[in-house]
Amino acid sequence: MPSLSLDESRQRAHLLDVSSYDIILNLTDGDETFTSSTTIKFMARQTGDTFIDVKPKQLVDARLNGIRLDVDELQDGRLHLPGISGEQELVIEAVMAYRTDGEGMHRAVDPADGRVYTYGMSFLDAAPYIFACFDQPDLKARFSIEVVCPDDWIVVGNGRAENVEPGRWVLATTEPLSTYLVTVVAGPYHVIEAEHDGIHLGLECRASLAEHLEREADEILTITRQSFDELHRLFEIRYPFGDYHQAFVPEFNAGAMENAGCVTFRDPMVFTSTPTRYERTGRATTIAHEMAHQWFGDLVTPTWWDDLWLNESFAEYMGNRVSHDATEFDDAWVDVAFSRKRWGVEADQRPSTHPVAGTGAADAAAALQDFDGISYAKGAAVLKQLNTRIGDEVFLAGVRDHLTRHRFGNATMHDLFAAWESAGAGNLDEWINGWLRTPGLDLLHLDRSGLIPQVNRTTPSLFPADRQHAISVAHHNGTEWTTTAVMVEKATTPLPDATDRPVILDPGEDTWARFALDDRTVADLPNLLPSMKDPLMRAATWNAIRDATANALLAPAVALNLVKVALPHETEDQGVNALGKFAIDQLAGKFHEDPEEVLRVLHGAAMRRVMTMAPELHVQLTAMRVAIASCSDEGLLHEWLGGDGLPSGVRLDIDLRWRILIRLAALGATQRSILGRHLDKETTTESLVSYTRALSSLPDKEAKEYAWARFTGAAAASNYEIEAAGLGMWEVGQAELTAPYVTRYFDQVAATSNIRSGWALSDTARVFFPKLAVQTKTVQAARQVLADRDLDASLRRVLADQTDDLLQAVRVRETFTR
């Protein structure tokens, strides 16, 4: 179906003023479909043609001002409304299909008890799969929703829900909302209710997760209360949407969705096994992120999708800031440095890099392609820099003015920056051009070749820009690290204090750039990393190490040695996780010529950390996960699976048990029947997903055909199971077995756009990409697919990015393989 274009949205917004939607959803029709009745009241400011968006299985009836329209004229999800003028009432009756890919009205069956759960996901253009609408962000309206459902279900949504009779719920009329922010959550959900500062709070999850949510509720609600208090203090505007629900729903694609008054989260955030600290920090920042959206995104919404970056960048910045300042999770910025920044830096170096700020995306689908690490991590980083540049008082004054001026309306990036300038920021045009309008990132490198060391700033040749970097520089004097402030304003900046000393540039992660490690510093890192106390400095150093390795500037063997010496001393579980992922996914998976050596070294380092760290700090648990993933000793894995020989403090819960089974499967050291028996013991969603990965990891053709059937759609599976199958498809040490599937992937990937769309399409193509086939011929095969002009746009973006990553790995191998 065609994606709404920018020109079409402007024409429709110029013509229409939409006042209200009255929607009735009947969820009792069966397993495949539900009925949707929508009454829309709107006005055409002048005589003109337009269309309504509706994507049904069957369009039953359509009446405009009581006059029946020809439903057979529905084409590509659009029903045209010609020659309208003045006040209008449109009634649409449709049969809609439930979705199983996390978009539209998603329907899931809990394998634990067979109960059915539904929820609506309207982002980005999925609302017409639930109800007929003028689906664009700048046509806001009030929503009144009624839901008919089984008697034992509960319903929550954007407005307060009242159970007016068995099986019938009526939601209060909302404030004006964009269509993509509308949701309904319906099913036999377990509910926890609370209140804070006059706001009714609700937590929802599947019944099979009830005991786990009850255990986690105090922490979730405490973060919610603290975040509300802090956001009220910062914005000086009350939360505007009545009740506030946080529904943890099954098979959700994203981390969360900021539906006004009813945020939906992926339900693995209700931890069923012992969580690590970084997992809890990630949940806390996500909660605060979505709460920030209630103001920035929901109260004031972008006029068009290419300003969506501002929604996400702002919420990302505020989520981390609020978590750090107002909750117990004051390690939020450390988590950003170890994980989120690398996501953005990788995206900013690819050929698909783009400006942070949108430049007029041609249509909604094109805007969604730029919904990535640049929109989140880089955007948040540069907003943090802007806050430092103009000061917190001016920053917040501009935000408050922006939110007040455009309350329940729409706005653009220009509107926000005008508010900052009016608040005293001064002219920001130069800053905007360098940081928001120009893609790419600078490389800062310490040059010791002259008499006085200097920092060299290299700007990408394709995207020249004059960016200033206010950073600190850490020097080691032989005893300790000291830092000095440096402003990098030109191509070269003298750094006399760096003479014959190890130096770390930007140890506080204050700017957005790449940092190359000089030879003098690299030589000393094996001695310095283990004793480096500042976790932000360690993260900055590892960001430089990972970047240098990926760009063939640092030998994988050197990087592996640094993992070996540093991991046993890492005191942040985010750091242990980051080092483990780097070693397994990058060194063993792509860069190092001997993957088995990487796993051997990593396992030894992880076990040293396991044996020397107290369990209550969560570092031990994270190290144990790394040790399992890198273990090649089948006997030891079987001992751990039986509960024998586990290090003191380590408890064998469902998560660790399946991690061991997955590793045993990859080694060919377990059988299908054994995996099946473990699944039968606990038929939860978590177990089913892990079982899928384990089965797909087995080193035989039957296992790979099992995984492949989920890629092609020959076997039905949830989005989580498809991802698990893709992760198990490509395992280190199985290159000969999986070689035929490399060709099959490139032969068949284009056709997957016929069975999937949106996130499911992109995520499946990404996770099944043959990333371990680090050969020039794999790159060439990918390029042949990319040469197809008819290739789906979202597939093109995924394949282009994955191909660039693969080419990068080929270059590293060519540079350093003996």
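Definitions and limits used
- Residues numbered from 1 in each chain as written.
- Predicted model: local features only at pLDDT ≥ 70, side-chain atom pairs only at ≥ 80, totals over all residues.
- Heavy atoms only, no water.
- Helix = DSSP H or I, 4+ residues; strand = E, 2+ residues; numbered from the N terminus.
- Expected span 1.5 Å × (residues − 1).
- Buried < 20%, exposed > 50% of the residue type's maximum accessible area, 1.4 Å probe, protein only.
- Pairing = 2+ DSSP bridges.
- Contact = heavy atoms within 4.5 Å.
- Axes fitted to C-alpha atoms, helices over the stretch in contact; angles between N-to-C directions.
- Parallel < 35°, antiparallel > 145°, perpendicular 65-115°, else oblique.
- Left-handed = near helix turned anticlockwise from the far one by under 90°.
- Nonpolar A, V, L, I, M, F, W, Y, C, P; charged D, E, K, R; others polar.
- Phe/Tyr/Trp six-rings, centres within 6.5 Å; stacked < 30°, edge-to-face > 60°.
- Core = buried A, V, L, I, M, F, W, Y, C linked by side-chain atoms within 4.5 Å.
- Salt bridge = Lys/Arg side-chain N within 4 Å of Asp/Glu carboxyl O.
- Polar contact = N/O pair within 3.5 Å; in protein donor to acceptor, adjacent residues only side chain to side chain.

A. Structural context of helix α3 (residues 277-295). Taking 1.5 Å as the rise per residue, α3 with 19 residues should run 27 Å; its terminal C-alpha atoms sit 28 Å apart, in good agreement. Where burial is concerned, most of α3 is hidden: 17 out of the 19 residues are buried. Where α3 terminates, the next one or two residues include glycine 297, which has phi positive at roughly 135°.

B. Focus on the sheet that holds strand β11 (residues 168-171). Pairing is mixed across the open sheet formed by 8 strands, whose spatial order is β4-β3-β5-β2-β1-β8-β11-β10. Strands with a single pairing partner mark the edges of an open sheet, and in this sheet they are β4 (67-68) and β10 (161-165). When strand β2 (residues 33-53) meets strand β5 (residues 78-97), the two strands line up antiparallel, connected through 17 bridges. If you follow alanine 44 over to β5, its bridge partner there is glycine 86. Sitting on the sheet, helix α1 (residues 6-15) touches β1 (16-26), β2 and β5, and the angle it makes with β2 is about 75°.

C. Structural detail: the packing of helix α18 (residues 654-666) against helix α20 (residues 685-697). Orientation of α18 relative to α20, taken along the N-to-C sense of each, is 15°, at an axis distance of 7 Å. Relative to α20, the element α18 lies roughly parallel. Of the two possible hands of crossing, α18 and α20 adopt the one that is right-handed. Residues Ile654, Asp655, Trp658, Leu661, Ile662, Ala665 and Ala666 of α18 pack against Glu686, Ser687, Ser690, Tyr691, Arg693, Ala694 and Ser697 of α20. Residues of the contact of α18 with α20, tallied by class, amount to 8 nonpolar, 3 polar and 3 charged.

D. Structural view of the packing of aromatic side chains. Taken as a whole and assessed by the stated rule, the structure comprises 40 aromatic pairs. Summarising the aromatic geometry, the rings of phenylalanine 42 and phenylalanine 134 are spaced 5.0 Å apart at their centres and angled 70° between planes, so their arrangement reads as edge-to-face. Placement of the pair is phenylalanine 42 in strand β2 and phenylalanine 134 in the loop between β7 (116-121) and β8 (142-148), with a sequence separation of 92 residues. Given a relative accessible area of 1%, phenylalanine 42 falls into the buried group.

E. View of the packing of helix α15 (residues 595-612) against helix α16 (residues 619-629). α16 packs onto α15 with a crossing angle of 155° between their chain directions and a minimal axis gap of 8 Å. Classified by the angle their axes make, α15 and α16 are roughly antiparallel. The chirality of how α15 crosses α16 is left-handed. On the side of α15, the interface is formed by Leu602, His603, Ala606, Met607, Arg609 and Val610, while α16 contributes Val619, Gln620, Ala623, Met624, Val626 and Ala627. When grouped by side-chain class, the residues that make up the contact of α15 with α16 number 9 nonpolar, 2 polar and 1 charged.

F. The arrangement of the nonpolar core in detail. Among the nonpolar cores identified, the biggest contains 155 residues, and Phe42, Phe123, Phe134, Trp420 and Leu436 are the most heavily contacted of them. With 9 residues, the top contributor of residues to this core is helix α2 (residues 210-235). Among the nonpolar cores identified, the runner-up in size contains 118 residues, and Val334, Val455, Leu602 and Leu679 belong to it.

G. Here's a closer look at the pattern of salt bridges. Under the counting rule described, the total for this entry stands at 53 salt bridges. Between aspartate 392 and arginine 321 there is a salt bridge, with its nearest N and O atoms 2.8 Å apart. A residue pair is termed long-range when its members are at least 10 positions apart, and aspartate 392 in helix α8 (residues 392-405) and arginine 321 in helix α4 (residues 308-326) qualify at 71 residues. For arginine 321, a relative accessible area of 9% gives the class buried.

H. View of the sheet that holds strand β16 (residues 256-257). Read from one edge to the other, the open sheet built from 5 strands follows the order β13-β14-β15-β17-β16, with strand pairing classed as mixed. Single-partner strands in this sheet number two, and they are β13 (190-196) and β16. Here 7 bridges tie β13 to strand β14 (residues 199-205), and the two strands are oriented antiparallel to one another. Note on β14: the bridge partner recorded for valine 191 is glutamate 204. Sheet strands in contact with α3 are β15 (244-249), β16 and β17 (262-266), and its direction is about 150° off that of β17.

I. Molecular detail of unusual backbone geometry. Backbone torsion omega between phenylalanine 123 and leucine 124 reads -25°, so that peptide bond is classified as cis. Within the secondary structure, leucine 124 sits in the loop between β7 and β8. Positive phi, normally seen in glycine, also occurs at aspartate 197, with a value near 55°. Structurally, aspartate 197 can be placed in the loop between β13 and β14. On the basis of relative accessibility, which here comes to 41%, the residue aspartate 197 falls in the partly exposed class.

J. Seen up close, the side chain of glutamine 88. On the secondary structure map, glutamine 88 appears in strand β5. For glutamine 88, a relative accessible area of 7% gives the class buried. Side-chain polar atoms of glutamine 88 contact the backbone oxygen of serine 85, separated by 2.7 Å. Apart from residues no more than four positions distant in its own chain, glutamine 88 is found in contact with Ile40, Lys41, Phe42, Leu64 and Asn65.

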